[in-house]
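# Structural overview for review
Below, each chain spelled out in residue letters.
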Amino acid sequence: MMLVTFKRRDLYLLLLLAAGLVLLFEYGKLTPNRGALLLTLVFWSGLAQGCLALAAAAELTRARWIASLRRELLCVHPLLLVLALLFLCLAPRLDLYPWHEKPGPWLNGPFFLVRNLLLLLAVWWTGRRFALSAAARAEPCQRDAVLFLFAFVACQSLLAFDLVMSLAYPWMSSLLGAYFFVEALYAGVALAALLFFVLGGGKQRQAPEVIGAHHRDVARLLFGFSVLWGGLFFAQFLLLWYGNLPEETGFIVARLQSAGLRNLALLVILACFVAPFIGLMARRVKERPALVALVALAVLAGLFGERLFFILPEAPLHLGVTLFQNLVLGMGWLVLVHGQGEVLPEAVGGEG
Amino acid sequence: MSQEPGLNAGPNLAPAERLERTVLAAMSRPSLRYLGALGLCGLLVLMLFAIWGVIIWQGMGIAGINHPVSWGVFITNFVFWVGIAHSGTLISAVLYLFRARFRTSFNRAAEAMTLIALSVAGLFPLIHLGRVWIFYYLLPYPSERLIWPNFRSPLVWDVFAVTTYMLVSAAFFYIGLLPDLAILRRRLQGWRSRVYGWLSLGWSGSLDEWRHYNRVYLFLAAFATPLVASVHSIVSWDFAVSIVPGWHTTIFAPYFVAGAILSGSAMVFTLTIPMRRILGLEAYIQVDHFEALAKILLFTSLIVSYSYICETALAWYHGNLFEMEQFRYRSFGDYWFLYWIMILCNSLLPLTLWRKSWRRNLRWLFILSLLVNVGMWLERFVIIVNSLAREYSPYAWGTYQVSLAELGITLGSFGLFFAMFLLFCKLLPVLSMTEIKERL
C-alpha cells in the first residue's frame, strides 16, 4: 500500500533537493576535510549504473529473474543525471589530485572535467533510453541495452582511472577499470537481493513459486560475483606484491601502514568475498531472502569500505559528512523506487 | 562417409531412435576421405616427433630462440593450445550452470577438444626444456636431497594448474559420457559392445543412478568453472609476474582468460561446422546454436579489444619510458605486420557479428573462426617476442626469427590435434545423446 504518492515533478524536485543537501554539506565549511563528495560520487555512480547495467545484461542474456525486479532496477535512471551534476560540482576539489600542480596532456583540469562529464551524461542518456524502452516493452530492447553497456563500461573505467587511480599518480593498475565495472555489477546484484527482501520481488505481479526461483537466481548471482570479485582482487594485488616495484607497492604500503586502514582492508575482503562465498554456499541460505539480504548488505558495506580504502589517504574526509551524503542519495534512490510509476512508462503486454 | 546398413535415419522413426542412429552412423566404418585426412595428420605428427628427436639429439640451437628472445614459438604454442582448451569447460560447465540449452549441441565435441588441446599443450614445455628427461624437476617428488621445486615460480604453478584442469576436465568428460556409453553397449554387437559395456561401468539408467549422476555433474560443473579462469590466469602470470615491459600489467589475467575463451570458441566453430555437415548432424546442431556461440565469440572479442586499449593507453598514461617504447615497438617495430593482423583478426573482423545475418552465415563463421585462431596465435607471439626483443637496455635488444624446426613442430602440433579429434569422432559419440533427448 502506498502511503505517499509523488508526481514526476515532485520526484525530480526531491532529487534536486538531495543534490543540494549533498553540496551544502560538502561546501558548507563544516569540516576542513574535503574528500566526501568524491567518495560519494564514486560509490553511487557504481551503485546506480550497476543497477541499470545488471538489468541490461539480464535483458541481453534473457535471464528470467529480471521479470521480478525489472522496474525496481530501471527506475534508478534519474539518479544518473544527479550524479553528473554532482560531478560538475567537484571542480573546486581538483586540487586534491597530485597532478593538479603539474598538469599533463591527459591529466589536466579542463580535459578531466569535460571527458568525465560527457561520459556521465552519455551514461544517463543511454541509461534513460534503455530504461524507458525496457519498461514499456515486453520484448527485450537489445540495441538500447548494448549502447548503455558500452557507455557504462567506458564511464566506470574512466572513473576508476581518472577519479581514483590518478589520486595516487603515478601509481597505476591497468585492471582497475575492469575491476570497477565488475564491482558496479556486483553492487547491482547486491541491491537486487536487498530489493527482493524489502519488496518481495514484485508480489503483485508474480506467483510465489516464480518469485522464489527468481530470488534463488539472484542469490546464485551474488555467490558467483563473490568468486569473480575474489579472482580479480587476487589477480590485481598478487602482481603488485610479486613485482615489488616501489612505484606500485607504494600505493598499498601507504594504506597498510595505518592500523585503521589495515583493518578496513581485512573487513573489505571479509565482506566482499568471505561472507558471500561461505554464507551463500548452502542451498537453504539461498532460499531465505532475509539471510541473502544480510549478505548483500555486507557486500555493499564492503564495496563502500573499499572505495574508502582507495580514496582516504589522498583525500581525507569527514565520516559524518560522508555518511550523510550517502544517506541523502540513498533516500533519493528509495523515493525513486517508491515512485517508479512516474519515471517509467507502464508495461505494454504485461511483465515478461 | 560410408555408413553401416540400417543406420541411416529414416523419416518415420521416433526422434530418440533417429538421434541414436545418426550418432551411430558417425561411428561407422571410416571412409577413404576420413582415412586420407587421418593419414595426412599422422604424417604431420611423425614430423613433429622426428624434429623433436633432432632437437634432443643436436640441442636447442636448431630452434630460433636466442638471447634475448629465449621464449619463442614453443611457448607461443603452449599458451595457444592451453587457450584452445578453455572453451570445452566453458561450454560444458559454465553454460550448464547458466542453463543455456544450446550447449548440448557442442558440449561433447568441446570437451573432447579440451582434453586433446591440453595434451598437445603439455608437449611444449617438454620440448622447450631441451633436456626433456629431467622434466620431473618441476614436480614436488620426494627427493632424498630434499630438493623441492621453487614454489614461487609461476612455471611450477602452471604444472599444478594445468594438471588439475586436465584431471577435472577428464572426469567431467567421462562422467558425461556414461549414459551414452551404455547406449553404445546396447546398440553395438561383439567386442565393441563389450568394450563400451566395460567403459560404461555397468550403467543401468535407474532413477537412483540418474539422481547421483545429476548431482555429481552439477558438482563438477561448479568445480570446473573457477578452473576456467584460474588456469589461464596462471598462464598469464608466467609473463606478468616478471617486470618485463609489456608483460607486467595487472589486466593480464582477465585479458588472457577472455582471449582463451575467444580462441576456444573459434576452434569449436572450426571443428563443428565441417563435422555437422560431414556427419549429417544438421538437425541437432542448428544455426540458432551457432548464432548463440557467435555471440560469445563477439563478447570475448570485445573484452580482448578492451584489454588492448587499456594496456596501451595506460602505458602512455603512466609515462614510463620503457612501457611506452614497448607499445610503440609492437605497433611500428620489427613485427608491426603481425600486430596489425592480430588487431584485424581479433578485434575488427569479429565486429561483423553485430549483424544477425553474419552470425547465422556458417560459411562466414567458419572463415572467421580460422582468422580468429590465426589472430590469437599471433597475439601470443606478439606478446612474448616483442617484450623480450625490446627490454630495458638497448645493448640487450635483439630480434627473433622462427626456424624451420619450430615451424615444423607447430604444424605437427596441429596435425596431432586434428588426428586425435578425428579418432574421437570415430570412437565416441560426437553428440551427447541423453542431453539432446531431453530437448527433443
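Residues numbered from 1 in each chain as written. Chains lettered and ligands numbered in written order. Predicted model: local features only at pLDDT ≥ 70, side-chain atom pairs only at ≥ 80, totals over all residues.

### Some thoughts on the overall build of chain B
As a reminder of what qualifies: Elements are defined by DSSP. Helices are runs of H or I of four residues or more, strands are runs of E of two residues or more, and each kind is numbered from the N terminus. C-alpha atoms define the radius of gyration in this analysis, and the globule rule sets the expected value at 2.2 Å times the number of residues to the power 0.38. A residue is called partly exposed when the number of other C-beta atoms within 10 Å of its own lies between 12 and 20, exposed at 12 or fewer, and buried at 20 or more, with C-beta atoms placed from the backbone. C-beta atoms are first placed from the backbone for all residues, and any pair lying within 7 Å is then listed as a contact.
Along chain B, the regular secondary structure elements total 16 helices and zero strands. A globule of 440 residues ought to have a C-alpha radius of gyration of about 22 Å, and chain B, at 23 Å, matches this closely. Its C-alpha atoms put chain B at 75 × 60 × 45 Å along the principal axes. Scored against the burial criterion, the 440 residues of chain B give a buried share of 44%. Pairs at least 24 residues apart make up 81% of the contacts formed inside chain B by residues separated by at least 6 positions.

### Section: the overall build of chain A
Assigned secondary structure in chain A consists of 14 helices and zero strands. Since a compact globule built from 352 residues should have a radius of gyration of about 20 Å, the 20 Å found for chain A is in line with a globular shape. The proportion of buried residues among the 352 residues of chain A is 48%. The contacts in chain A between residues at least 6 apart in sequence include a share of 83% that link residues at least 24 apart.

### Some points on the interface of chain B and chain A
As a reminder, the rule being used: Residues are sorted three ways: Asp, Glu, Lys and Arg are charged, Ala, Val, Leu, Ile, Met, Phe, Trp, Tyr, Cys and Pro are nonpolar, and all the rest, Gly among them, are polar.
Taken together, the 17 residues of chain B in the interface contact 17 residues of chain A. Where the side of chain B that touches chain A is concerned, the elements lending two or more residues are helix H8 (207–240), helix H9 (252–278) and helix H10 (287–318) of chain B. For the side of chain B that touches chain A, the element with the most residues is H10(B), which contributes five residues. Per-class residue counts for the side of chain B that touches chain A are 11 nonpolar, five polar and one charged.

### Concerning the packing of helix H5 (residues 103–129) of chain B against helix H15 (residues 404–427) of chain B
When two helices pack together, their arrangement is captured by the angle between the axes and the distance separating the axes. All names here are of chain B. For clarity, the cut-off: Inter-axis angles, ranging from 0 to 180 degrees, are taken between N-to-C directions of lines fitted to C-alpha atoms, where helices are fitted over the stretch in contact. Roughly parallel refers to an angle under 35 degrees, roughly antiparallel to one over 145, roughly perpendicular to one between 65 and 115, and oblique to any angle outside these ranges. Helix crossings are classified by the rotation of the near helix relative to the far one: an anticlockwise turn of less than a right angle makes the crossing left-handed, while a clockwise turn makes it right-handed.
It is the contact of H5 with H15, at a shortest axis distance of 10 Å, that shows an interaxial angle of 150 degrees. Here H5 is positioned roughly antiparallel relative to H15, judged by the angle of their axes. In the crossing of H5 with H15, the sense of the turn from one axis to the other is right-handed. For the pair formed by H5 and H15, the contact residues are Ala-112, Met-113, Ile-116, Ala-117, Val-120, Leu-123 and Ile-127 on the first element and Ile-409, Ser-413, Leu-416, Phe-417, Met-420, Phe-421 and Phe-424 on the second. Looking at the contact of H5 with H15 residue by residue, the classes come out as 13 nonpolar, one polar and no charged.

### Some words on the confidence of the model for chain B
Interpretation of the predicted coordinates at a detailed level should be avoided for regions scoring low in pLDDT. All names here are of chain B. Operational definition: Predictor confidence is given residue by residue as pLDDT, running from a minimum of 0 to a maximum of 100.
With 98% of its residues at a pLDDT of 70 or more, chain B shows a mean pLDDT of 92. Predicted confidence for residues 1–7 stays below pLDDT 50, and this span has 16 contacts to residues more than four positions away or in other chains. Under the prediction, the complex receives an ipTM of 0.93, its pTM being 0.93.

### Comments concerning the environment of A:Arg93
Summarising the element assignment, A:Arg93 is placed in the loop between helix H4 (77–88) and helix H5 (109–136). Sequence separation of A:Arg93 and A:Arg128 is 35 residues, and the distance between their C-alpha atoms is 29 Å.

### What about the packing of H4(A) against H5(A)?
Residue and element names in this part refer to chain A. For the pair H4 and H5, interaxial distance at closest approach is 8 Å and the crossing angle is 170 degrees. For the element pair H4 / H5, the angle class is roughly antiparallel. Seen from H4, the contacting residues are His-77, Leu-80, Leu-81, Leu-83, Ala-84, Phe-87 and Leu-88; seen from H5, they are Asn-116, Leu-117, Leu-120, Leu-121, Val-123, Trp-124, Gly-127, Arg-128 and Ala-131. Split into classes, the residues belonging to the contact of H4 with H5 amount to 12 nonpolar, three polar and one charged.

### Quick look at helix H4 (residues 86–97) of chain B
Residue and element names in this part refer to chain B. Keep this limit in mind: A helix is expected to reach a length of 1.5 Å times the quantity of its residues less one.
The terminal C-alpha atoms of H4 lie 16 Å apart, and with 12 residues this matches the ideal 16 Å at 1.5 Å per residue to within 8%. The elements touched by buried residues of H4 are helix H3 (73–84), H5, helix H6 (154–187), H8 and H9. Taken from the residues just after H4, Arg-99 is the one with a positive phi, measuring 55 degrees.

### Some details on the nonpolar core
The condition is simple: Think of a nonpolar core as buried Ala, Val, Leu, Ile, Met, Phe, Trp, Tyr and Cys residues chained together by C-beta atoms that fall within 7 Å.
Core analysis: the largest hydrophobic core is formed by 243 residues, its most contacted members being A:Leu52, A:Leu83, A:Val189, A:Ala190, A:Ala193 and A:Leu222. The residues touching A:Leu222, leaving out its near neighbours within four places in the chain, are A:Val189, A:Ala190, A:Ala193, A:Pro276, A:Leu280, A:Val292, A:Val295, A:Ala296 and A:Val299.

### Some points on the confidence of the model for chain A
The share of residues in chain A with pLDDT of 70 or more is 95%, and the mean pLDDT across the chain is 90. Looking at the elements of chain A, mean pLDDT is at its lowest for helix H14 (residues 340–343) of chain A, recorded as 83, and at its highest for helix H6 (residues 142–164) of chain A, recorded as 96.

### Concerning unusual backbone geometry
Residues A:Tyr169 and A:Pro170 are joined by a peptide bond in cis, for which omega reads 10 degrees. Among the secondary structure elements, A:Pro170 is positioned in the loop between H6 and helix H7 (176–199). Each neighbour pair has its own omega, and for B:His67 with B:Pro68 the value is 15 degrees, a cis peptide bond. Residue placement: B:Pro68 occurs in the loop between helix H2 (32–58) and H3. Here B:Arg99, not a glycine, exhibits a phi torsion of approximately 55 degrees, which is positive. Note that B:Arg99 resides in the loop between H4 and H5. A positive phi is found at B:Leu201, a non-glycine position, where the angle reads about 55 degrees. With respect to the secondary-structure elements, B:Leu201 resides in the loop between helix H7 (190–199) and H8.

### A word on the environment of A:Leu16
Mapped onto the elements of the fold, A:Leu16 is located in helix H1 (residues 8–27). Taking the C-alpha atoms as reference points, A:Leu16 and A:Phe161, separated by 145 residues in sequence, lie 28 Å from one another.

### Description of the environment of B:Glu379
Along the polypeptide, B:Glu379 turns up in helix H14 (residues 362–389). C-alpha separation for the pair B:Glu379 and B:Trp364, spaced 15 residues apart in sequence, amounts to 22 Å.

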